[in-house]
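One letter stands for each residue in the lines below.
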Amino acid sequence: MNEGADLSESRHLDWRIVLFSILGFWLFYVLIVSLRANVLDFPSQGEMAVRRGFVTAIGIFISVVMWLALRQFDRKPLWMRIAAAALIAIPCTVAIAAANYYVFNVYDPSSLMDVEHAAPEKHDASILLEIADLSLSRYFFLIAWASLYLALGFAQDVGEAERKAARFARAAQSAELRALRYQVNPHFLFNTLNSLSALVMRGRRDEAETMIMNLSTFYRTSLSGEPSEDVDLAEEIELQKLYLDIEAVRFPERLQVRIDLPADLASAAVPGLILQPLVENAIKHGVSQTNRPVFVEISATEASGQLILTVTDNGPGRGADDDDDEDRPHGIGLANVRDRLAARFGDRASIAHGPAPERGYRVCLILPLVRHGR
């Protein structure tokens, strides 16, 4: 069965819910009428109870027929369903009233009362008038049930609309995460190919070969995962080590790396490549801007149920014009990281950045601590 057929079928209420609602309404009717007959001390209570049960069975049958008719309007607009209920209830109530009149007034009336109290014969006009009066009271009874049926159907429509909206929201979020994730790879590849070209032009073929191998490993690893899914923090940091190995070919004397990953945080779930722009900025603004050795440090800590990821360099720092890449026409930098965190975690994640205490620059990501498998 295709998805369209499934959706079409889901617009109908479960028959068990409908049946229970009909039975519940008629059980309520029987209890109220029986209580009234008992309070007013009607004669022949046993015989009346039997006939009342027969009328109730007819009413249940007619209510089911009414439901089958209303069911044909389940996929129609609400106003049309209301109008259908109001019209379909008319012949149903007339049928129930006629059955009620026949059972209590036509079929063996003498068994319900003493002969001296027997009701006089009625003219056709008075019979029709009494049936009309019974129909009016039964009409409001059936309309009450129909209102419940419509309310249940409308609630189901609203629930289905909310489920659709949730699915669309998840799809949109997934698409946004994919788009932001795919921004990282071309940006990194462009910079790496420029570096590779420079090595080849300078005749540093062995270093160029090492960079190509590391680049191949980096892309094979990073592209194997689903862009919208999280990865273990240990895996994310391993990818950054691969990237730093690539950059170490360019800066063998200047780039020094420190990694601080506590064992209990290795399984923390983070968006894939979320650290890539931060590490890349540390190389661009820290290592490449000076001739002295520069440490690039990646650390992870936990505080109050949150994961704090920090990328720090002790380079020369950044000027007012290159604080980060987010204001540049073709940059992604911190803007990409901020957008990815917002798409994935909403206001539960944040990013802070600025000059490091001694020298250089530091960026901190604060996000919910989620562990895979929990």
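Everything that follows concerns the structure shown earlier in this document.
First things first, this report covers the structure right here in the doc. None of these values were measured; they are calculated from a predicted model.

## Structural notes on helix H8 (residues 276-287)
Between its first and last C-alpha, H8 extends 15 Å over 12 residues, near the 16 Å set by a 1.5 Å rise per residue. Across the 12 residues of H8, 11 count as buried, placing the element largely inside the fold.

## What about the nonpolar core?
The biggest cluster of nonpolar side chains holds 47 residues, and the ones touching the most others in it are Leu 233, Leu 275, Leu 307, Leu 309 and Leu 365. The contacts of Leu 309, once residues within four sequence positions are left out, are Leu 233, Val 270, Leu 275, Ser 299, Ala 300, Val 363, Cys 364, Leu 365 and Leu 367. Core analysis: the second largest hydrophobic core is formed by 21 residues, Ala 89, Phe 141, Tyr 149 and Leu 150 among them.

## Points about helix H9 (residues 333-345)
Side chains of residues three or four places apart in an α-helix project in the same direction, reflecting 3.6 residues per turn. Its 13 residues give H9 an end-to-end C-alpha distance of 19 Å, which sits within 8% of 18 Å, the value for a rise of 1.5 Å per residue. Buried residues of H9: Gly 333, Leu 334, Ala 335, Asn 336, Val 337, Arg 340, Leu 341, Ala 343 and Phe 345, and no others. Positive backbone phi, at 65°, marks Gly 346, one or two positions downstream of H9.

## Brief notes about a nonpolar patch on the surface
Side chains of Trp 15, Leu 19, Phe 20 and Leu 23 sit close together on the surface and give an oily, nonpolar patch of about 430 Å² of accessible area. Relative to the assigned elements, Leu 23 resides in helix H2 (residues 15-39). Of the residues examined, Leu 23 reaches a relative accessible area of 37% and is grouped as partly exposed.

## Focus: the packing of aromatic side chains
Going through the model one piece at a time under the given rule, you end up with six aromatic pairs. Consider the rings of Trp 26 and Tyr 29, whose centres lie 5.1 Å apart with planes at 80°: the pair is edge-to-face. Of this pair, Trp 26 and Tyr 29 both sit in helix H2, three residues apart, which is roughly one turn of that helix. A relative accessible area of 2% places Trp 26 in the buried class. Tyr 29 gets classed as buried once you look at its relative accessible area, which sits at 11%. Taken together, the ring pairs connect Phe 25, Trp 26, Tyr 29 and Phe 141 into an aromatic cluster.

## Quick look at the pattern of salt bridges
In the structure shown here, the tally under the stated rule is seven salt bridges. Across the salt bridge formed by Arg 204 and Glu 207, the nearest N and O atoms sit 2.2 Å from each other. Here Asp 230 and Arg 344 are joined by a salt bridge, their closest N and O atoms 2.7 Å apart. Highlighted residues: Asp 230 in strand S1 (residues 230-232) and Arg 344 in helix H9, separated in sequence by 114 residues.

## Thoughts on unusual backbone geometry
Phi at Leu 273 is positive, roughly 65°, even though this residue is not glycine. Relative to the helices and strands, Leu 273 is located in the loop between strand S3 (269-271) and H8. Leu 273 gets classed as buried once you look at its relative accessible area, which sits at 0%. In this model, Ser 304 sits at a positive phi of 55°, which is unusual for a non-glycine residue. Structurally, Ser 304 can be placed in the loop between strand S4 (294-303) and strand S5 (306-313). The exposed category is assigned to Ser 304, whose relative accessible area is 79%.

Rules and cut-offs
- Residues numbered from 1 in each chain as written.
- Predicted model: local features only at pLDDT ≥ 70, side-chain atom pairs only at ≥ 80, totals over all residues.
- Heavy atoms only, no water.
- Helix = DSSP H or I, 4+ residues; strand = E, 2+ residues; numbered from the N terminus.
- Expected span 1.5 Å × (residues − 1).
- Buried < 20%, exposed > 50% of the residue type's maximum accessible area, 1.4 Å probe, protein only.
- Core = buried A, V, L, I, M, F, W, Y, C linked by side-chain atoms within 4.5 Å.
- Contact = heavy atoms within 4.5 Å.
- Patch = residues over 30% accessible without salt bridge, like charges linked within 9 Å, V, L, I, M, F, W, Y side chains within 5 Å.
- Areas by Shrake-Rupley, 256 points an atom, 1.4 Å probe, with all protein chains shown as cover.
- Salt bridge = Lys/Arg side-chain N within 4 Å of Asp/Glu carboxyl O.
- Phe/Tyr/Trp six-rings, centres within 6.5 Å; stacked < 30°, edge-to-face > 60°.

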